[in-house]
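Structural characterization, general
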Amino acid sequence: MIEKRLERMGVMTDRGKATAYGIFSLSLLLILWICATSLFQWIEPRVLPSPTRVIGQFAWILTEPFSGLRLPGHILSSLERWGWGVLTAGLIGIPVGVFFAWNPWFRTFVNPVFELIHFIPPFAYIPLAVLWFGASTATQAMVVFVAAFPSIVINSQLGVAQVEKIYIDAARVLGASQLRTLWRVILPAAAPSIYTGLRIAISNGWMALVGAELVVGKVGLGFMIAQGQENASVATIFVGIITIGCLGVLIDTLVQRTERFVLPWRKVAS
Amino acid sequence: MDQSRTLQVAAGLGAVLAWIVIWAWLTRPGGPVPTLYFPAPDDVWAKFVRMWQRPYIGSTLPNHILASLYIVLTGWGLAALVGIPLGIAMAWWKRLKWIVFPTFQLIRPVPPLAWIPLTILWLGIGDSARISVVFIAALVPWLMNSMLAVYSIDRLLLDAAKTLGANDRQILTRVVCRTALPTLVAAARMALGSAWSTLVAAEILAATAGLGYVAVNASQLLDTDVLLVAMFMIGILGIGMTGLIGLTQNWLAPWSVLGARRD
Amino acid sequence: MEQSAGKMASGTTDPAPEAPAKLELRNISKWFGPEGEGVHAVDDCSIEVKKGEFIVVVGPSGCGKSTLMTVGAGLEEPTHGEVLVDGKPAGPPGPTRSVVFQKFALFPSETVEQNIKFGLQMTGVSAAEQEARLAEQLKIMGLEQFRKSYPSELSGGMQQRVAIARALVMQPEILLMDEPFGALDAQTRTILQEEVQRLHREKHYTVLFITHSVEEAVYLGDRVVVMTRRPGRIKRVIELPRDVAWKTGDIELASEHPEFIEFRREIWGLVREEIVSI
Ligand SMILES: Nc1ncnc2c1ncn2[C@@H]1O[C@H](COP(=O)(O)OP(=O)(O)O)[C@@H](O)[C@H]1O
Ligand SMILES: [Mg+2]
C-alpha cells in the first residue's frame, strides 16, 4: 500500500523506495525521541536529554571551553594522537610487511612478537602504556599503534606475496636490480592491498583511540564523554558520541575518495 | 611437503625460544631494561603460578577469568540471538531492511567503547553495563555477516528449490539458513573478537573482577609482572575461543570443510 | 529468407481434434529492465512440446535460450506472452516442471540423498514413498555408493547425475534442461547424453532441452528449434526422424551416419549464420 502511494508519487526504483522508507523510519525515531523527552517527559532528562538539550550542549561546547578546551580543541588533540599512532604504524608496518613476504626467515623470527601484538586486544595495552608513558600523548598513540599495526603488516605482506612472479621475472630480464624491482614493480603492484591495510588501520586506530582516551588523559573526545559520565551529563556524552561517529565516517570517506588520486592505476571497482 | 612443514614448526618454536632468551637477557638483574618497566620471564611465570592459587585484588586468576568469560559470552550470545535472525530477516525481506538499516547505519560508526560512559550512567557499574557494551560490539559483526551470508547464496539454489516445489518459508528455513551456516561460523568468530576486545576496555573502566580489571589495577600498583600475566591470559583466551569456534564448523557445516574430489 | 516458426507450428497443430500440447510457450517476449530500454532477451518465441516429445533449442550463446527456459519453468514472468501446460496457464514454478541447470544447483549443505529427496519432502510425499523413489533414482543414475556424500566431494559428472536424479524423482510431467552437459568434460558428456537418450526412449519423458551443441541437438532431439541471436527469435524448426537406429545407439557411432551428418551440417549452417553475420 505504501509502495503504491510511492509509485504514484513517482518513486519507482528500489533505491528510491529504500530512501523513502529510511527517511520515514528515522523521522519516526526522532519523533519518538521528542515525544519521550520534550513533549510528554516520559523519560527524565537526567536519563535521556531532549534533542534541543543535546543541540544546546553542542553549541555550548563549541563556544565555551569544556575542561579547558572548546570542541574543536578536543577534536584536534584526538586527531593528533590518532595521527601519530597511525603514522608510526604505517612507517614501521609497511616495511615489516614487505619484508615478511620478501624474506621467510625474517618472518619466522619476527612472527612471535607480531602475533603477540595481533592477538592481544589493543585495549589490553592501555595499562602498560600508562605505566610506560604516563598520561601523555605517547600513551594514546601507542594504543592506536597497536590497533593499527597488524592490519598494515598483514595486508602489505599479502600484497607483495600476490604480485605475480611473472612481473618480477620480467623486471629481472629487463636488468633491474632487486631494489629497483621492489621499488618499480612490486610496490606499485602491492599498493592497493597496502592501501586496504591502511584503511582498516585508520578505522581500527580511531576506535582504539576512543578507548584510550576514556581511560587516561585530560583532553580529547574520549575524555569528553568520560567527563560527561563523571558529571552525569548524558547530553555531553551524546555530543561526544555523535562527534566521534561523524568524524569516523568523515575519515573513512576521505580515505576512500583519496584512493583514486593515490593509486590512479587501480581500476575503480566495487 | 610434510618435511618442510615440520621445519616450519621447528623454526617457529625456535623463534619463540629466541625471543624468550632475548627477553630474559634484557631484563636480567642489572640488565638494560629495568623490571619496573618490563619484568623478567621467570617473574611473570612465578606470578602466574601464585595468582592461580592466591587471590589478587579479590579473586584468584581462574575466578577473574570466569568473570570475564561470563560477561563476554553473555553479551556475545545475546547479540547472536538478536543479530542472526534480524540479519537474515533483513536480507530476506527487503522492506524490513529499508526500515531498520538506516538506524543501524547511524549507530555503526560509533566505536562500541564510546557507549561505555552512557551504559554506566544508565545501568550503573554492574554486570549489565558491561554486558550491554559487549552486546553492541558483537551485534554489528553478527548482523552484517548474517546479511552477507544470505546475500552470498547463489540465486540459482533458490530457483532450484522453487522448481522442486518449496514455498518461501521452506526455502528460508531449509536452503537459506543451512547454506548460510559456514558464513555464520565466520561471523561468530569476528563477533567474538570484537566482543572480547571491547570487554577488556570495559573492565578497565568499570568492573570489580575480570582480566581487564586485574590489568588496570596492576598498572596502578606498578605490578608489571601481574600486568603481563593478565595481558597474556587475555591473548591466550582470545585465541582459544576463536579456535573453538573454528572447530565447531566441522560439525555445524561439515560440507564446507571438505576438499573437492576430482575424478 | 527466414522461415517463421509460426507457420511451422500452425502446420503441425492444424488437425483440430488434437490434445493441447503438454507445454506451450506462446508468443513469449522478455525484457530485462523496462521495456524498450533494458535488454531485449527473447522476442516473440512460440514453442510447443507435445507429450513424450524431446525438443531441443539451439542458438548462439547469449541469444536468450536460458531466458526462455526460466520463463518456461515459471521462474521469470514473460514481458509478453504466456506459458501453458495442457492448454492451461502454468502458474508458479513447481514439481510438474522439473529443471536441470547447467551449473547443477545442488544444495551444498545436503548430501546426495538429501538433495534427491528435497523436492519430495517439500511436497509432502510419505516417508516410505520417498525412500522407494530415492532408491530407484540412485540405481538408475548409478549413485548408490555416493548417497552419503556432499556435492563438493563429487566430480562434475556425478553432480549433474544427482541434479538429474533430483529432477526425475519428482516424476515431472515436463523436464526442462538448460545446457545440462555444458560444464562437463567430453567423455562424461557423451555418457550422460546416451543415458538421457535411453531414459527418453524408455520412459517417454516430455523434454525441453537447451544446448549450444549442434551435435547434441541432432542426437537427442525429435525436433530442433534454432534461435537467432539476441533478441532471440525462432529462426527455423527442423523435424528429425525418430526411431532411427543411429539415435538409439551410442553417439560416437551416430556421428558417422550420413543422415546425422547431413542434419548436423544443415543446423550448424543456420547457427553459424547467426554467429558470423553482424
Ligand atoms: N537477469 C538478467 N538481467 C539482465 N540481463 C539478463 C539477465 N539474464 C540474462 N540477461 C541477458 O539476456 C541475454 C540472454 O541471456 P541468456 O538467456 O542467458 O542467453 P543464453 O542462455 O542463450 O546464452 C544475454 O544478453 C544476457 O546478458
Ligand atoms: Mg544459457
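Residue indices begin from 1 for each chain and proceed along its sequence in written order. Throughout, the order in which chains and ligands are written sets their labels, letters from A for the former and numbers from 1 for the latter. Restriction of local features to residues with pLDDT of at least 70 applies here, the model being predicted, together with a cutoff of 80 or more for giving and counting side-chain atom pairs; totals for whole chains, interfaces and linings are based on all residues. In computing side-chain values, all of the structure's heavy atoms are included and hydrogens and water are not.

**Side note on the sheet that holds strand β2 (residues 39-49) of chain C**
Residue and element names in this part refer to chain C. In this description, strands pair whenever DSSP reports at least two bridges between them. Numbering goes from the N terminus for both helices and strands, where a helix is a DSSP run of H or I of at least four residues and a strand is a run of E of at least two. Across the sheet, four strands lie side by side as β2-β1-β4-β5; this open sheet has antiparallel pairing. In the strand order of this sheet, the two ends are held by β2 and β5 (88-89), each with one partner. In this structure, strand β1 (residues 23-32) lies alongside β2, joined through seven bridges in antiparallel fashion. Each residue of the ladder has a partner; that of Trp31, found in β2, is His40.

**Points about the sheet that holds strand β8 (residues 206-211) of chain C**
Backbone hydrogen bonds are what pair the strands of a sheet, in a parallel or an antiparallel way. All names here are of chain C. Strand order in the open sheet made by the six strands is β6-β7-β8-β3-β9-β10, with mixed pairing throughout. Single-partner strands in this sheet number two, and they are β6 (97-100) and β10 (234-239). For this sheet the average axis-to-axis angle between neighbouring strands, irrespective of direction, equals 15 degrees. In this analysis, two residues are considered to be in contact whenever any of their non-hydrogen atoms come within 4.5 Å of each other. In this analysis, axes come from line fits to C-alpha atoms, helices being fitted only over the stretch in contact, and the angle between any two N-to-C directions falls in the range 0 to 180 degrees. Strands β3 (54-58), β9 (223-227) and β10 of the sheet are contacted by helix α10 (residues 258-276), whose axis makes an angle of about 175 degrees with β10.

**Side note on the environment of Met190(B)**
Residue placement: Met190(B) occurs in helix α9 (residues 181-205). Throughout, exposure labels follow a simple rule: accessible area from a 1.4 Å probe, protein chains only, divided by the maximum for the residue type, with under 20% read as buried, over 50% as exposed, and the rest as partly exposed. Met190(B) gets classed as partly exposed once you look at its relative accessible area, which sits at 46%.

**Regarding the interface of chain A and chain B**
Between chain A and chain B, the contact holds 48 residues from the first and 47 residues from the second. Values labelled buried area give the accessible surface lost by two parts on being combined, using a 1.4 Å probe and summing over both. For the pair chain A and chain B, the summed buried surface comes to about 4100 Å²; carbon and sulfur atoms form 83% of the total. In what follows, salt bridge is the name for a side-chain nitrogen of Lys or Arg lying within 4 Å of a carboxyl oxygen of Asp or Glu. Summed over the shared surface of chain A and chain B, the result is one salt bridge. In this structure, the salt-bridge partner of Lys94(B) is Asp14(A), at a minimum N-O distance of 3.1 Å.

**Comments concerning the domain arrangement of chain B**
Residue and element names in this part refer to chain B. Bear in mind that the domain bounds are from an automatic or database domain assignment. Each domain of chain B was delimited in the assignment, giving domain 1 (1-33) and domain 2 (39-257). Between domain 1 and domain 2, the C-alpha centre-to-centre distance is 32 Å. Counting from both sides, the interface comprises four residues of domain 1 and, opposite them, six residues of domain 2. Interface area, domain 1 with domain 2, both sides summed: about 340 Å², of which 81% is carbon and sulfur.

**A word on the packing of aromatic side chains**
Residues and elements named next belong to chain A. Geometry of aromatic contacts follows a simple scheme: Phe, Tyr and Trp rings, the Trp one being its six-membered ring, pair when their centres are within 6.5 Å, and the pair is stacked under 30 degrees between planes, edge-to-face over 60, tilted otherwise. For the coordinates displayed, the defined rule picks out 23 aromatic pairs over all chains. Measuring from ring centre to ring centre gives 5.7 Å for Phe100 and Phe114, while their planes differ by 80 degrees; the resulting arrangement is edge-to-face. Taken together, the residues span a long stretch of sequence, with Phe100 in helix α4 (residues 71-102) and Phe114 in helix α5 (residues 104-119) at a distance of 14 residues. Judged on exposure class, the residue Phe100 and its partner Phe114 are both buried. By way of ring pairs, the aromatic residues Phe99, Phe100, Phe106, Phe114, Phe145 and Phe149 are connected into one cluster.

**Observations concerning the interface of chain C and chain B**
At the interface, 29 residues of chain C touch 23 residues of chain B. Summed over both partners, the interface of chain C with chain B comes to about 2500 Å²; 61% of that surface belongs to carbon and sulfur atoms. Looking at the side of chain C facing chain B, the largest losses of area belong to Ser109(C), Met122(C) and Glu153(C), adding up to 23% of the total buried there. Viewed at the interface, chain B and chain C are joined by two salt bridges.

**Structural notes on the confidence of the model for chain B**
Do not read the fine detail of predicted coordinates wherever pLDDT is low. Per-residue confidence from the predictor is reported as pLDDT, a score between 0 and 100. In this model, chain B carries an average pLDDT of 90, and 97% of its residues clear a pLDDT of 70 or more. The secondary structure element of chain B with the lowest average pLDDT is helix α1 (residues 2-26) of chain B, at 88, and the one with the highest is helix α3 (residues 61-92) of chain B, at 95.

**Considering unusual backbone geometry**
Trans peptide bonds make up the majority, and among non-glycine residues the majority have a negative phi. Residue and element names in this part refer to chain C. Residue Pro231 is bonded to the preceding Arg230 through a cis peptide linkage, with omega at -10 degrees. Within the secondary structure, Pro231 sits in the loop between β9 and β10. Non-glycine residue Ala105 carries a positive phi angle of around 55 degrees. Within the secondary structure layout, Ala105 lies in the loop between β6 and α3 (112-122). Given a relative accessible area of 4%, Ala105 falls into the buried group. Of note, the phi angle at Asp243 is positive, near 50 degrees, even though the residue is not glycine. Take Asp243: it is sitting in the loop between β10 and α8 (245-248). Asp243 gets classed as exposed once you look at its relative accessible area, which sits at 75%.

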